[in-house]
Amino acid sequence: MTTDIQATAKAALSAGLSAIPIEPGGKKPALSEWKQFQQQAMQPADVDRLFRNGCNIGVICGAVSGGLECLDVDAPDLLPAFRDTLESVNPALRHRLNVWQETCSGGYHLLYRVNGETGGNRPLAKTAPYKDENGKVRQDVLFETRAEGGYFLLAPSRAVRGHRQNTDGLPCPYTLHGELDAIPTITEAERDLIHSIARSFDESGHQEQEQRQQCAPRPSG
């Protein structure tokens, strides 16, 4: 009998996405040799054998999945402002980003493919440094990308994390909006616009420092 996870894995492969099994209730790959699927997706015939025992499902980003990138929004209250800003600058792009997920931690994943280089995983915006209850200085990520070399959990995966954890301690599900075979493909310039808007929410000064380093004159010779 085919499970929902197995059916989703086959649908992901059919949509040109490289899928991998993830440990039940968690976020770590269930296969020690999973990195081979960063180069080439598994065959559909392997799904029933590898996706079993209540595992979750992950999707690998980057070239192996057709230039797939995931914008991970870890601060859900910022998503409306992000979308409003994108709407004001490029309304067509805003409405093309119609495949997205609600995550187990209450955040969001915006899914799109890039017609060009995807780059690697990178934080785009963080909170200002603060001290937690133990006096340790911390920063939280607000926006980050999952791109070449990265992966994310795909619905109907379930994980225990954050304020969406059930009161009984059971894992909470991811929820997908839109179809996997309808993930939009955008240009590098449109991807850069998405990144730029996400960076505008940075509170840490990290992005300003990075830009100064990139623009600083370098000695010749």
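In case you missed it, the structure is sitting above this.
Keep in mind it's a predicted model, so treat the numbers as computed, not measured.

Trainee: Break down the pattern of salt bridges for me, citing the residues and quoting the values.
Mentor: Scanning the model with the defined rule gives six salt bridges in all. Taking the shortest distance from any N to any O, the salt bridge between Arg 94 and Glu 87 comes out at 4.0 Å. Look at Arg 94 and you get partly exposed, because its relative accessible area is 22%. A residue is classified by how much of its surface remains accessible, and Glu 87, at 32% relative accessible area, is partly exposed. Residues Glu 190 and Arg 96 are paired through a salt bridge, measuring 3.2 Å at the closest nitrogen-oxygen approach. Taken together, the residues span a long stretch of sequence, with Glu 190 in helix H5 (residues 188–199) and Arg 96 in helix H4 (residues 91–96) at a distance of 94 residues.

Trainee: Tell me about the side chain of Ser 157, residues and numbers included.
Mentor: Summarising the element assignment, Ser 157 is placed in the loop between strand E10 (151–153) and strand E11 (158–159). Here Ile 57 takes part through its backbone nitrogen, which lies 2.9 Å from a polar atom of the side chain of Ser 157. Excluding residues within four positions of it along the chain, Ser 157 makes contact with Ile 5, Asn 56, Ile 57, Cys 172, Pro 173 and Tyr 174.

Trainee: Give a description of unusual backbone geometry that names residues and reports values.
Mentor: Residue Pro 156 is reached from Ala 155 by a cis peptide bond, and omega for that bond is 10°. Its place among the elements puts Pro 156 in the loop between E10 and E11. In this structure, Asn 53 is a non-glycine residue whose phi angle is positive, near 60°. By the secondary structure assignment, Asn 53 is in the loop between helix H2 (47–50) and strand E2 (56–60).

Trainee: Quick rundown of helix H3 (residues 79–89)? Include the residues and the values.
Mentor: Buried within H3 are the following residues: Leu 79, Phe 82, Arg 83 and Leu 86. An end-on view of H3 places all buried positions within 95° of arc, on one side of the element. Seen from the buried face of H3, the exposed residues on the opposite side, beyond 90 degrees, are Asp 84 and Ser 88. Looking at the packing, one finds that the buried side of H3 touches strand E3 (68–73), H4, strand E4 (100–102), strand E5 (108–114), strand E9 (141–146) and H5.

Rules behind the numbers
Residues numbered from 1 in each chain as written. Predicted model: local features only at pLDDT ≥ 70, side-chain atom pairs only at ≥ 80, totals over all residues. Heavy atoms only, no water. Salt bridge = Lys/Arg side-chain N within 4 Å of Asp/Glu carboxyl O. Buried < 20%, exposed > 50% of the residue type's maximum accessible area, 1.4 Å probe, protein only. Helix = DSSP H or I, 4+ residues; strand = E, 2+ residues; numbered from the N terminus. Polar contact = N/O pair within 3.5 Å; in protein donor to acceptor, adjacent residues only side chain to side chain. Contact = heavy atoms within 4.5 Å. Arc of directions from axis to C-beta.

Honestly, it's all geometry; don't read function into it.
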